[in-house]
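The chain contents come next:
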Amino acid sequence: MKVTFLNPPQTNSKYKFLGVVAPSLGIGYMAAVLEEHGYDVDVLDASALELTYDEIGEEILKRNPDIVSISALTPTIGVALDSADKIKQVKPDTVVVLGGYHPTFEYKSVLEEPSVDVVVRGEGEYTFLDLVQTIERGGDLANVEGLAFHDEGDSSLIVTPDRPIIHDLDELPFPAFHLFPMEKYKILNITTNVATIITTRGCPMKCSFCSSAALHGEHLRRRSYENVCDEIEVRLREQNIDTIAFMDDTFTLNKKFVRDFCAEIKRRNLKFWWGCTSRVDTLDEDLLQTMKDAGCITIFIGVESADQQMLEKMNKNITISKTENAFRLARKVGIRTIASCVIGMPEDTRKSIANTIAFVKNLNPNYALYSLATPYPGTRFYNETFKKNLIQIKDWSKFTLLDPVLKTVDVSSKELRSIQKKAFLKFYLRPGYLAKQVSQDGLILLRTVLGVARQIVSKKTNGNTDYNKTNVNSGK
């Protein structure tokens, strides 16, 4: 059978307006598993290629797949469903499968769309392989774990048992990045050969807003550092990459792994730049220096709030002092930092928001993200705000981190958006900041900052923000 993996147009991303466009790790893994089992597979990255729906339809006709798998996040479920519609228009007999975070938790509403035949829930590698094999031999999908679909006979909803998580991540083949348009990916709007790699799945930290833990579970599963370095060698050799973004929820959660990994990079003499995510309570000066010596140039750190009580409500389990210390140490060793905070939580007030914005600025990070509180399906945060009727916007395309969707104590939606705009502009348009960052990152930074400014001051975010095929519901 012929299978096409489609990454739909994605402009509603907290990374894209910072000039980051990277290949989909989930698609890469699923494509690799199918290739390993002898299937004819290709990838259509409509986001990186900036394709229209008509162009997606033309590509589907040209590639002539039996099955198309579409990955979807919450803010991009609209474009995913539009893409499914186009596929069914041009090739009605194609089996259209949706997977990813949003379909996993909102499969009921997703399957209300006639263009969607099946939803893959949870980790997709072996579920999708089982699905393809079952379709190929004319078997019963009810016997495939991890699916949701409507029975062809009476249209009843069938939800098969959950598929067990993949315990040994080293058994997975490396993502099939050779199928991707690697020349189209960017960091800070600079076209570069960037690869995304993940070393763990699951997160034990229990933050209330974490959708990754909701999908992959709270049990941490880790690849061996040798296996990770084997993949890096493949990327360097076959894709000629120069930058790697590690997509783990917390790359530095296990310091021994990080040290072993960095030592292995140096032992193999692997030359590349890399960045990762971290928590402030997992960093120390020695570890940061070890990471820098092995090529780490950027760390994404969740600051979240300057209010300790707010941090506790998020179940973040960090302190303000630890946050300040982590940024101080990163500056000391010379690693760029991206400070990410969230404003507009239900308990937020004008005062607490102002304190958080000022706090992030005083941390002196290289980049800052002021995200609006957004409850994603599957998280404890979503369940709590849904039950309390605090979700005031019922359009998934607005769940972008740039649109206010929750009620707060004393800040209106219009005012909250204005506060966010001013926070971004005051941070990025400081003459001293621009001079410092241009000296470090070059003139290309100016283009990125202008892009940020245009995005933030616009009346609405990029993408199909007027799309509302599926409304907020419990998803259960």
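Our subject is the structure listed above.
What comes next concerns the included structure.

1. Re the pattern of salt bridges
Following the criterion strictly, the structure yields 28 salt bridges and no others. When the shortest N-O distance is used, the salt bridge between K88 and D117 registers 2.8 Å. With K88 in helix 4 (residues 77-90) and D117 in the loop between helix 6 (107-110) and strand 5 (118-120), the pair connects residues that are 29 residues apart, well separated along the chain. When its relative accessible area of 17% is taken as the criterion, K88 is described as buried. Within the structure, one salt-bridge network assembled from shared partners comprises K2, D42, E59, K62 and R63.

2. Quick word on the environment of R350
With respect to the helices and strands, R350 occurs in helix 14 (residues 350-363). Taking the C-alpha atoms as reference points, R350 and T408, separated by 58 residues in sequence, lie 9.6 Å from one another. Not counting residues within four places of it along the chain, the set of residues in contact with R350 comprises D410, V411 and E415. Here E415 takes part through its side chain, which lies 2.8 Å from a polar atom of the side chain of R350.

3. Regarding the sheet that holds strand 15 (residues 296-304)
Reading across from one edge, 10-13-14-15-16-17 is the order of the six strands in this open sheet, with parallel pairing throughout. Every interior strand has two partners, whereas the edge strands, strand 10 (194-197) and strand 17 (367-372), have only one. With direction set aside, neighbouring strand axes in the sheet form an average angle of 20°. Bridging between strand 15 and strand 16 (residues 336-343) involves six bridges; their strand directions are parallel. Paired with T298 across the two strands is R336, which belongs to strand 16.

Definitions and cut-offs
- All residue numbers refer to positions counted from 1 along the written sequence of the respective chain.
- With the structure being a predicted model, the display of local features is reserved for residues of pLDDT at least 70 and the display and counting of side-chain atom pairs for 80 or more, all residues being used for whole-chain, interface and lining totals.
- Excluded from the side-chain calculation are hydrogens and water; included are all heavy atoms of the structure.
- The salt bridge criterion pairs a side-chain nitrogen of Lys or Arg with a carboxyl oxygen of Asp or Glu, the two atoms within 4 Å.
- Strands here are runs of E lasting at least two residues and helices are runs of H or I lasting at least four, both read from the DSSP assignment and numbered beginning at the N terminus.
- For the exposure calls, accessible area comes from a 1.4 Å probe over protein chains only, and a residue counts as buried if that area is under 20% of its type's maximum, exposed if over 50%, partly exposed in between.
- Here, residues are in contact when the closest pair of their heavy atoms is within 4.5 Å.
- Definition of a polar contact: a pair of N or O atoms within 3.5 Å, with one able to donate and the other able to accept a hydrogen when the atoms are protein atoms, and with sequence-neighbouring residues admitted only if both atoms are side-chain atoms.
- Each pair of strands is called paired provided DSSP finds at least two bridges between the two strands.
- To obtain each axis, a line is fitted to C-alpha atoms, and for helices this fit is confined to the stretch in contact; angles are then taken between N-to-C directions over 0 to 180 degrees.

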